[in-house]
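Given next are the chains, with one letter for each unit.
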Amino acid sequence: MQGIKDKVVVITGASSGTGEATAVMLAERGAKVSDLEREAVRLLGSREGIVLDPVYIGRSMGALIDLIRKKAFRSDETVLFWHTGGAPALFAYAKDLI
């Protein structure tokens, strides 16, 4: 992968499996890797006291944060984030989240 050094790469699913392996590989080659779901978990946990699982809700909240940064919504627009589950995954990732 030539030309990846110092490029910003956004990966969803970097918490495990193929996504994690891809993030590690790109970081080793000099890319600046952004992991949306881990960032969302840290951000909401530290700023709002909201605990998100890193798989389901963390991934979707990461995508929402990315859309906000890209100014996909007007400042006067109401955005509904419908949380429909994901809490059981908190137990699987408890050591990583604490």
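Residues numbered from 1 in each chain as written. Predicted model: local features only at pLDDT ≥ 70, side-chain atom pairs only at ≥ 80, totals over all residues. Heavy atoms only, no water.

(A) Broad picture of the nonpolar core. Ala40, Val41, Leu44, Leu52, Ile57, Met61, Leu64 and Ile65 form the largest nonpolar core, which has eight residues in total. Elements supplying a minimum of two residues to this core: helix 2 (36–48) and helix 3 (56–69). One finds Ile4, Val9, Ile11 and Ala23 within the second-largest nonpolar core, a separate group that totals six residues. (Core = buried A, V, L, I, M, F, W, Y, C linked by side-chain atoms within 4.5 Å. Buried < 20%, exposed > 50% of the residue type's maximum accessible area, 1.4 Å probe, protein only. Helix = DSSP H or I, 4+ residues; strand = E, 2+ residues; numbered from the N terminus.)

(B) Local environment of the pairing of strand 1 (residues 8–11). Burial of strand 1 is one-sided: the residues Val9 and Ile11 facing one way are buried, the residues Val8 and Val10 facing the other way are not. Bridge count for strand 1 against strand 2 (residues 32–35) is four bridges, and the pairing is parallel. For Val8, the partnering residue across the bridge sits in strand 2 and is Lys32. (Pairing = 2+ DSSP bridges.)

(C) Molecular detail of the confidence of the model for the protein chain. For the protein chain, the mean per-residue pLDDT works out to 80, and 84% of the residues sit at or above 70. Confidence, read as mean pLDDT per element, is least for helix 5 (residues 94–97) in the protein chain (68) and greatest for helix 2 (87). (pLDDT = per-residue confidence, 0-100.)

(D) The arrangement of helix 2 in detail. In this model helix 2 runs 17 Å from its N-terminal to its C-terminal C-alpha over 13 residues, within 8% of the 18 Å that 1.5 Å per residue would give. Listed as buried for helix 2 are Leu36, Glu37, Ala40, Val41 and Leu44. Projection of helix 2 onto a plane perpendicular to its axis shows the buried side chains occupying an angular sector of 135°, all on one side. Facing away from the buried side of helix 2 by more than 90 degrees, the exposed set consists of Arg42, Ser46 and Arg47. Phi turns positive one or two residues past the end of helix 2, at Gly49, with a value near 70°. (Expected span 1.5 Å × (residues − 1). Arc of directions from axis to C-beta.)

(E) Inspection of helix 3 at higher detail. With 14 residues, helix 3 should reach 20 Å at 1.5 Å per residue; the first-to-last C-alpha distance of 20 Å fits that figure. Within the sequence span of helix 3, burial applies to Ile57, Gly58, Met61, Gly62, Leu64, Ile65 and Asp66. Where helix 3 is buried, its residues meet helix 2. Count one or two residues on from helix 3 and you reach Lys71, which has phi positive near 60°. (Contact = heavy atoms within 4.5 Å.)

(F) Just the pattern of salt bridges, in detail. For the coordinates displayed, the defined rule picks out four salt bridges. The salt bridge involving Lys70 is made with Asp66; its shortest N-O contact spans 3.0 Å. Judged by relative accessible area, Lys70 falls into the exposed class, the value being 58%. One salt bridge in this structure joins Asp76 and Arg74, with 3.0 Å as the shortest N-O distance. Residue class for Arg74 comes out exposed when judged on its relative accessible area of 54%. (Salt bridge = Lys/Arg side-chain N within 4 Å of Asp/Glu carboxyl O.)

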